[in-house]
Amino acid sequence: MEDRDVWSPSKMVNVEMEKASKPLKIRFFEAAKHWTDALPIGNGRLGGMVWGGVVSDTINLNDDTIWTGDPGNYTNSDAPKVLSDVRKLVNDGKYAEATKAAVNLSGNPSQAYQLLGDIKLDFDESHGAYDKETYERELDLNTAMVKVKYTAGGITYTREHFSSSPDQVIVTNISSSKTGSLSFTVYLDSKLRYESRLSGQNQIIMEGGNPMAIKFSAVLDLKISGGTGKMHVVDDKKIKVEGADWAVIRLTASSSFDGPFTKSSESKKNPTSESLQDLDLIKNFSYAELSARHLNDYQKLFHRVSLQLSKCSKGVAEDLSFATGKQLKATEDDKVSTAQRVKSFKTDEDPSFVELLFQYGRYLLISCSRPGTQASNLQGIWNKDVTPPWDGAPHTNINLQMNYWPSLPCNLKECQEPLFDYISSLAVNGSKTAKVNYEASGWVVHQVSDIWAKTSPDRGEAVWALWPMGGAWLCTHLWEHYTYTMDKDFLKNKAYPLMEGCASFLLDWLIEGRGGYLQTNPSTSPEHMFVAPDGQPASVSYSSTMDMSIIREVFSAVVSASEVLGKSGDDLVKKVLKAQTRLYPTKIAKDGSIMEWAEDFEDPEVHHRHVSHLFGLFPGHTITLEKTPDLCKAVDYTLIKRGEEGPGWSTTWKAALWARLHNSEHAYRMVKHLVDLVDPDREADFEGGLYSNLFTAHPPFQIDGNFGFSAAIAEMLVQSTMEDLYLLPALPRDKWQNGCVKGLKARGGVTVGISWTKGDLHEVGLWSNNSGSVSTISLHYRENVVTTKVTSGTVYTFNKMLKCINAYSP
């Protein structure tokens, strides 16, 4: 039984609410004109973008291990001398000079994520006269399948696409409604250097890559209906199908990547052999069997959480008014594209669109991050460029972390495993960087990394390159994983050793500073400059608020974890406890905002996209409404001062921050702000927004905004600590008057279901699957607080007064 099905309200909260919800589908009524019109599929490792062309179609292909380069040297033996000089300049208050000198601490750029290639499909001329009114292209989030359908010459043609995790294959099924009417040509192509050849009558093998870099292979296998249809070889690299009823394309792919510490030239992996082996394992499966195996695997993850939102008891259908000003009837919804829904959201504010975008983030995480794959990069796994924006590299000053924000609250803990594997690799290289560059113990990671687990500073200006807090931020995810799962083995064997190494570096990085405080020097606030007291632009000073907030979070996690594991007496923990009391505090500036730097410097860009100095509120936990109300008031003003404009990821971070402040109005304003349709022909005119396929825009496309959106919605509905559970803390009551969410996760290993009517809590269900565990939780709803126990294997239902009305074992 899925988590969403364990509990249901004792009565249907609102029958009309279900009627108001629309299918979880992203829909088009024409083929893609731009890459951001194409629809993504993925199994964690293999990704595809389906364009859905009629006469000629393209499926862009990605493999998450195809990158440029090789393992590098992430150390700089000259760094200690430069570091000493920079620190002296900072101590002397010469911030502009320190900023200039700190460029010599910079390193080399990251390597770049690559593409794999394309499946190309060319259909016969009869398809050119298709009936445009019949064309449909959709991604169904419930099935993780893309479907293309149209009619030409009275014949209906259908294509179905999915990327299977259990069978590691991309599958396309093409069929027609009339016997013997399906004819097309298929081949493989790539922007990278490659060679293509036929293997028999029904297989195409593409092999490519630089001999001194990662090599790749893709194998396309084609099956057609028996009794009808023929296959011919064309140009020694294409397969032509004539007169078939149906055809099934299966594509497997592999690369020579053999881990971040193995040079490509020394890899023993044979990509072609591995691709052929993957095909051999599924040679006896029919399309129906492949589809069923894919669905079973995917839906076990996706169906854990359901969300239904409605803005009035009459349902939303009556309130839909699109850009045309036309009032839609419910039956007309089937012909409304998702792009139209994005356009109309400014006026109709359709809650079911929020459901779709929330679940889309969960879909994308399932599709680009599975156990054993690489960690999700700046674009997940979907990339069309040989030189993608920002190299497609994971950035550790927000983007990589945001990619995994929804994994725990949105009940996808397995999808976070690649991040933990990645952190383990970073710790290996990071220990070398720490030792050589900073003469410190433990391990360190800077702002930009890549598949080779790069840990050294980025190239260029200190404002972005000099930021040694990436590894520390990542370490907070390790502790968060424990707090949600209560997996003590994970904490002991995986998380704590990494946390110890991180804390060890931080203890060495901190130095005696002014006023007896321990300080970080040099220090930057990610990608943001300030005006130094002498009027010059600078970025390097000491003890930025984000530095100290992250360190405070890591030290707190280490102390808490040591208590769980019985390690409180360890020397490292004693040092951490001693250092905690000497950390430079978060301060309030003279204008009432949170100070971003240790001094109240002038901010030349008050609307800067980063809100790094608010880390302590979210995703951190050191600023809270209960314990630090003055700081929360300052955060409120800081967010207003920062403004609403910004890239997609910035918008969703602000939504989560407002949610932590229990400010439903402003959290919802950021949700609404994100829903702005970006025109890819003039994307430079936009800041943030959504493309027609609902990818979030910086612009260009960055996937972190999608993940940040799902996390922010979860934060508006449920917040938690290990002892407290806050119900509907930032619910926009007038926008989502009725609703039901089931399957969200809270800290302490608790799963949560909530229903509400007319903006007020109706019922809440709590349950836990942690064997033998008993959690004591204080439930908070507005001014109501009640403490209860949650025992594993039992479902508890509370009414709006937080009184337990039912407890049973499902």
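Values in this document were obtained by computation on a predicted structure and should not be read as measured data. (Residues numbered from 1 in each chain as written. Predicted model: local features only at pLDDT ≥ 70, side-chain atom pairs only at ≥ 80, totals over all residues. Heavy atoms only, no water.)

Okay, the overall build of the protein chain next. Assigned secondary structure in the protein chain consists of 19 helices and 30 strands. Taking 810 residues into account, the globule formula puts the C-alpha radius of gyration at 28 Å, and the protein chain, at 27 Å, falls close to it. In terms of overall dimensions, the protein chain has a C-alpha envelope of 85 × 65 × 55 Å along the principal axes. Here the protein chain, with 810 residues, has 63% of them falling under the buried criterion. In the protein chain, once contacts between residues fewer than 6 apart in sequence are set aside, the share between residues at least 24 apart is 68%. Here the protein chain has roughly 29,200 Å² of accessible surface; of this, 48% comes from carbon and sulfur atoms. Side chains of the protein chain carry 85 positive and 99 negative charges; the gap between the two charge centres is 2 Å. (Helix = DSSP H or I, 4+ residues; strand = E, 2+ residues; numbered from the N terminus. Rg over C-alpha atoms; globule rule 2.2 N^0.38 Å. Buried < 20%, exposed > 50% of the residue type's maximum accessible area, 1.4 Å probe, protein only. Contact = heavy atoms within 4.5 Å. Areas by Shrake-Rupley, 256 points an atom, 1.4 Å probe, with all protein chains shown as cover. Lys, Arg positive; Asp, Glu negative; His and termini not counted. Charge placed at Lys NZ, Arg CZ, Asp CG, Glu CD.)

Pairing is antiparallel across the open sheet formed by six strands, whose spatial order is S17-S24-S25-S26-S29-S30. Strand pairing shows two members of the sheet lacking a second neighbour, strand S17 (306-310) and strand S30 (804-808), which therefore form its edges. Along the sheet, successive strands turn relative to each other by an average axial angle of 15°, direction set aside. By the bridge criterion, four bridges tie strand S26 (residues 760-768) to strand S29 (residues 795-799) in an arrangement that is antiparallel. Bridge pairing in S29 links Glu763 to Asn799. (Pairing = 2+ DSSP bridges. Axes fitted to C-alpha atoms, helices over the stretch in contact; angles between N-to-C directions.)

On to unusual backbone geometry. Negative phi values dominate among residues other than glycine, just as trans dominates among peptide bonds. Between Asn521 and the following residue, Pro522, the backbone shows a cis peptide bond with an omega angle of 5°. Residue Pro619 follows Phe618 across a cis peptide bond; omega there is 10°. Along the polypeptide, Pro619 turns up in the loop between helix H15 (571-580) and helix H16 (629-642). Here Asn411, not a glycine, exhibits a phi torsion of approximately 65°, which is positive.

A complete count under the given rule lists 33 aromatic pairs for this structure. Centre to centre, the rings of Tyr438 and Phe505 are 6.3 Å apart; their planes meet at 50°, and the pair counts as tilted. A residue pair is termed long-range when its members are at least 10 positions apart, and Tyr438 in helix H10 (residues 417-438) and Phe505 in helix H13 (residues 488-509) qualify at 67 residues. The same class applies to Tyr438 as to Phe505, namely buried. Three or more aromatic residues joined by ring pairs make a cluster, and in this case those are Trp405, Trp473, Phe615, Phe618 and Trp653. Positioned above the aromatic ring of Tyr187, the side-chain terminus of Lys238 is 4.5 Å from the ring centre. (Phe/Tyr/Trp six-rings, centres within 6.5 Å; stacked < 30°, edge-to-face > 60°. Lys NZ or Arg CZ within 6 Å of the ring centre and 35° of its normal.)

This next bit is on helix H18 (residues 664-674). An α-helical segment advances 3.6 residues per turn. Residues three or four places apart therefore align on the same side. Turning to H18, its buried residues are Ala667, Tyr668, Met670, Val671, His673 and Leu674. Buried residues belonging to H18 abut helix H7 (338-348), helix H8 (351-368), helix H17 (648-660) and helix H19 (704-717). You can read the cap of H18 off the contacts: a side-chain oxygen lies 3.4 Å from the backbone nitrogen of Glu665, and it is on Asn663. (Polar contact = N/O pair within 3.5 Å; in protein donor to acceptor, adjacent residues only side chain to side chain.)

Here the UniProt-annotated "domain: Glycosyl hydrolase family 95 N-terminal" (unreviewed entry) positions come out as residues 28-259. End C-alpha to end C-alpha, residues 28-259 measures 39 Å, and it is 9% helix and 49% strand. (UniProt positions renumbered as here; feature names shortened; annotations may be inferred.)

Attention now moves to the sheet that holds strand S28 (residues 784-791). Spatially, S22-S23-S27-S28 is the arrangement adopted by the four strands of the open sheet, whose pairing is mixed. Each edge of the open sheet carries a strand with a single partner, namely strand S22 (718-720) and S28. Pairwise comparison of adjacent strand axes, ignoring direction, gives a mean angle of 25° for this sheet. By the bridge criterion, eight bridges tie strand S27 (residues 774-781) to S28 in an arrangement that is antiparallel. Opposite Val774, over in S28, you have Thr791 as the bridge partner. Contacting S22 and strand S23 (724-727), H19 crosses the sheet at an angle of about 80° to S22.

Compared with an ideal rise of 1.5 Å per residue, which puts 16 residues at 22 Å, helix H6 (residues 287-302) spans 22 Å between its outermost C-alpha atoms and is within 8% of the ideal. The complete set of buried residues in H6 reads Tyr287, Leu290, Ser291, His294, Tyr298, Leu301 and Phe302. All buried residues of H6 lie within an arc of 95° about the axis, which places them on one face of the element. Those residues of H6 hidden inside the fold are in contact with strand S7 (145-152), strand S8 (155-164), strand S9 (169-176), strand S16 (246-255) and H8. (Expected span 1.5 Å × (residues − 1). Arc of directions from axis to C-beta.)

This structure, assessed with the given rule, holds 38 salt bridges. For Asp63, the salt bridge is made with Arg45, and the minimal N-O distance between the two is 2.9 Å. Of the two residues, Asp63 sits in strand S4 (residues 56-63) while Arg45 sits in the loop between strand S2 (39-42) and strand S3 (46-50), which places them 18 residues apart along the sequence. We classify Asp63 as buried; its relative accessible area is 1%. Taking the relative accessible area as the measure of exposure, Arg45 reaches 15% and is therefore buried. Put simply, Lys25, Arg27, Glu136 and Glu138 are held in one network by salt bridges that share partners. (Salt bridge = Lys/Arg side-chain N within 4 Å of Asp/Glu carboxyl O.)

For any two helices packed against each other, the geometry comes down to the angle between their axes and how far apart the axes lie. Interaxial distance between H6 and H8 falls to 10 Å at its minimum, and their mutual angle equals 130°. The angle between H6 and H8 places the two elements in the oblique class. Between H6 and H8 lies a crossing of right-handed hand. From H6, Tyr298, Leu301 and Phe302 reach across to H8, where they touch Gln359, Arg362, Tyr363 and Ile366. Class assignment for the residues of the contact of H6 with H8 results in five nonpolar, one polar and one charged. (Parallel < 35°, antiparallel > 145°, perpendicular 65-115°, else oblique. Left-handed = near helix turned anticlockwise from the far one by under 90°. Nonpolar A, V, L, I, M, F, W, Y, C, P; charged D, E, K, R; others polar.)

Take the pairing of S7 next. With seven bridges connecting them, strand S6 (residues 130-140) and S7 associate as antiparallel partners. Pairing of Tyr130 across the sheet is with Ala152, part of S7. From the end of S6 to the start of S7, which pair antiparallel, there are four residues, and Ala144 there has a positive phi angle of about 55°. The pairing of S7 with S8 spans seven bridges and is classified as antiparallel. When the bridges of S8 are listed, Thr151 appears paired with Thr156. Linkage of S7 to S8, two consecutive antiparallel strands, is achieved through a turn of two residues, within which Gly153 is found at a positive phi near 60°.

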